[in-house]
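One-letter residues, chain by chain:
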Amino acid sequence: MIKWMGTQYRFHPLFVLLMLLSMFTGYFMELLILFGIVFIHEMGHVAAAKSFGWNVTEVMLLPFGGVAAVDDAGGKPVLQDIAVALAGPLQNVLMAGLALWFEDRGWWTTEWTQYFVTANMMIGGFNLLPIQPLDGGRVMQALVSLWMSYHRTLMVCAWIGLASGAGVVIYSLFGTGTHIHLNLLILGLFLVYSNWYGYLHAPYFFLRYMMHRDRRASLLEEKGVIALPIVVRPTRKIAHIVKLFKRDKYHLIYVINEQGTIMKVLPEQKITRSYYLENKPSSAVSELFM
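Keep in mind that this is a model prediction, so the values were computed, not measured.

Chemist: I'd like to hear about helix 3 (residues 78-104), residue by residue, with values.
Modeler: Relative to the 39 Å expected for 27 residues at 1.5 Å per residue, helix 3 spans 39 Å between its end C-alpha atoms, a close match to the ideal helical length. Taken as a whole, helix 3 carries its principal kink of about 35° at Ala-87; the proline Pro-89 stands between one and four residues after it. One or two positions beyond helix 3, positive phi appears at Gly-106, with a value near 85°.

Chemist: So what's going on with the sheet that holds strand 5 (residues 228-232)? Which residues, and what values?
Modeler: Pairing in this open sheet of three strands is mixed, and the strands run 5-6-7 from one edge to the other. Only two strands of the sheet have a single partner each, and these edge strands are strand 5 and strand 7 (262-267). Sheet twist, expressed as the average angle between the axes of neighbouring strands with direction ignored, equals 25°. Relative to strand 6 (residues 251-256), strand 5 is paired through five bridges, and the arrangement is parallel. From the neighbouring strand, Pro-229 faces strand 6, where its bridge partner is Leu-252.

Chemist: An account of the nonpolar core is needed here, citing residue identities and associated values.
Modeler: Within the largest apolar cluster, 21 residues are counted, with the highest numbers of intra-cluster contacts made by Ile-37, Val-56, Val-59 and Phe-116. Those elements giving two or more residues to this core turn out to be helix 2 (28-51), strand 3 (56-62), helix 3 and helix 4 (110-127). Considering every element that reaches this core, the biggest residue donor is helix 2, with six residues. In this structure, Tyr-150, Tyr-209, Ile-238 and Ala-239 belong to the second largest nonpolar core, which totals 19 residues.

Chemist: Hey, could you go over the environment of Arg-138 for me, with residue numbers and the actual values?
Modeler: Within the element layout of this structure, Arg-138 appears in helix 5 (residues 135-144). Judged by its relative accessible area of 18%, Arg-138 is buried. Along the sequence, Arg-138 and Leu-62 sit 76 residues apart, while their C-alpha atoms lie 16 Å from each other. If we skip the residues at most four places from it in the chain, Arg-138 touches His-45, Trp-54, Asp-81, Val-84, Ala-85 and Gln-132. One polar contact links Arg-138 to Asp-81, side chain to side chain, over a distance of 3.5 Å.

Chemist: Provide a residue-level description of the packing of aromatic side chains, including the pertinent values.
Modeler: Tallying each qualifying case throughout the model produces 16 aromatic pairs. Look at Trp-101 and Trp-107: their rings are 5.3 Å apart centre to centre, the planes differ by 85°, and that puts the pair in the edge-to-face class.

Chemist: A description of the side chain of Asn-195 should follow, citing residues and the corresponding values.
Modeler: Structurally, the position occupied by Asn-195 is in helix 7 (residues 182-200). For Asn-195, a relative accessible area of 3% translates into the label buried. A polar contact of 2.8 Å, which involves the side chain of Asn-195, links it to the backbone oxygen of Leu-191. Sequence-distant contacts of Asn-195, that is, excluding residues within four places in its chain, are made with Ile-131, Gln-132, Cys-157, Ala-158, Gly-161 and Leu-162.

Chemist: Can you break down the environment of Lys-249 residue by residue, with the values?
Modeler: Note on placement: Lys-249 falls in the loop between helix 9 (238-242) and strand 6. Here the alpha-carbon distance between Lys-249 and Ile-226, two residues 23 residues apart in the chain, equals 8.2 Å. Excluding anything up to four places from it in sequence, Lys-249 contacts Arg-213, Leu-220, Leu-228 and Glu-268.

Chemist: Please provide a residue-by-residue account of helix 6 (residues 150-174), values included.
Modeler: Along its 25 residues, helix 6 runs 36 Å from first to last C-alpha, staying within 8% of the 36 Å computed at 1.5 Å per residue. Among all positions in helix 6, only Tyr-150, His-151, Thr-153, Leu-154, Cys-157, Ala-158, Gly-161, Leu-162, Gly-165, Val-168, Val-169 and Ser-172 are buried. Contacts from the buried residues of helix 6 go to helix 5, helix 7 and helix 8 (202-223).

Chemist: Describe the pattern of salt bridges, listing the residues and the values that go with them.
Modeler: Scanning the entire structure with this criterion turns up six salt bridges. For Arg-213, the salt bridge goes to Glu-268, with nearest N and O atoms at 2.7 Å. Note that Arg-213 is positioned in helix 8 and Glu-268 in helix 10 (residues 268-276), a separation of 55 residues in sequence. Glu-268 gets classed as buried once you look at its relative accessible area, which sits at 0%. Among the ionic pairs, Glu-278 bridges to Lys-280, the shortest N-O distance being 3.4 Å. One network of salt bridges, with partners in common, ties together Asp-81, Arg-138 and Arg-247.

Rules of the game
Residues numbered from 1 in each chain as written. Predicted model: local features only at pLDDT ≥ 70, side-chain atom pairs only at ≥ 80, totals over all residues. Heavy atoms only, no water. Helix = DSSP H or I, 4+ residues; strand = E, 2+ residues; numbered from the N terminus. Expected span 1.5 Å × (residues − 1). Bend = angle between axes of the 7 residues up to and from the residue. Pairing = 2+ DSSP bridges. Axes fitted to C-alpha atoms, helices over the stretch in contact; angles between N-to-C directions. Core = buried A, V, L, I, M, F, W, Y, C linked by side-chain atoms within 4.5 Å. Buried < 20%, exposed > 50% of the residue type's maximum accessible area, 1.4 Å probe, protein only. Contact = heavy atoms within 4.5 Å. Polar contact = N/O pair within 3.5 Å; in protein donor to acceptor, adjacent residues only side chain to side chain. Phe/Tyr/Trp six-rings, centres within 6.5 Å; stacked < 30°, edge-to-face > 60°. Salt bridge = Lys/Arg side-chain N within 4 Å of Asp/Glu carboxyl O.

Written as C-alpha cells, this is what we have:
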C-alpha cells in the first residue's frame, strides 16, 4: 500500500496474482506496461475528481483499471460524476494518440505502436461497458439516478451488473469455440462478485449517502433550487420516504390525509435528520409534527 498526496494506492489481489503468474510465464515486461497504462488511466480519474474538490481516499488498481473511493459517494453532482468516470478512458485515447505520433516521428516501431494502441483501446473500451464497477457502469448509474430514486438506482444497477457479469462468464465458457477463454472468465467472475457484493451492501451504501444528504440539501437550498415534491400519507414511515429521494434533487414532503388535505409540508432535512441522527427510521412521518 502506498500513500501519495493524501490518497492511498493499493493493488487488488487479482493484479498481484497476475504479476506472480507473469514472472513464471515470461510476460512480466508486458504486465509492467499494462500497469503503467492502468495507472495513468486511474490518475485521470483522480485528477478530474480533485479538480472538482473531491476527497479521493483510496485507489485500488485492477488489471483493467481501478476503483477510486471518495467521500460523499452518490452525493456529488451527476455531471461531475460522469466527467470523472470518463476521464479514465480519455487517458487511454490520449496515450494511443501519443503513440501514433511517436511512430510518425520515427521514435517507435510499428509493431510496438500497434501493441500499445491495442492495449489502450482494450482497457479503455472494456471500462466503458455499462457494468459496475467499470467506468461505464458509473456513467450508467449516474444517468439512471436522474429519473429513479437513489435507493432504486443502487438496486437496479446491481442487478444489471450481475446479469452482465453472468453473461461474460457464459460467453467465456461457451461462446469462444471449443476452448475456455480464461481471461474473460476471470473478469466475468470478478464482475459477478463485485455486483453481488454491491447488492448485499446496498443498505450500507445508501446509509452513507444519507449521511451526506443533509449537507448537499443545504447547499442546494442556499443557491436556490426548484423543489421536487413527495406526497405521502401521515402513516408513511421515515425509512420508506428516504428511499424516494432522488440524487441532485431537493425535496419537500407533503403530508396529506385521506381527504386530500395538506396536513404539513416538511423540508427534506427534517426527514433526513430523523432517519440517521435521531434514529427514527421506523417512525411514522406524522410523529414529526403531531
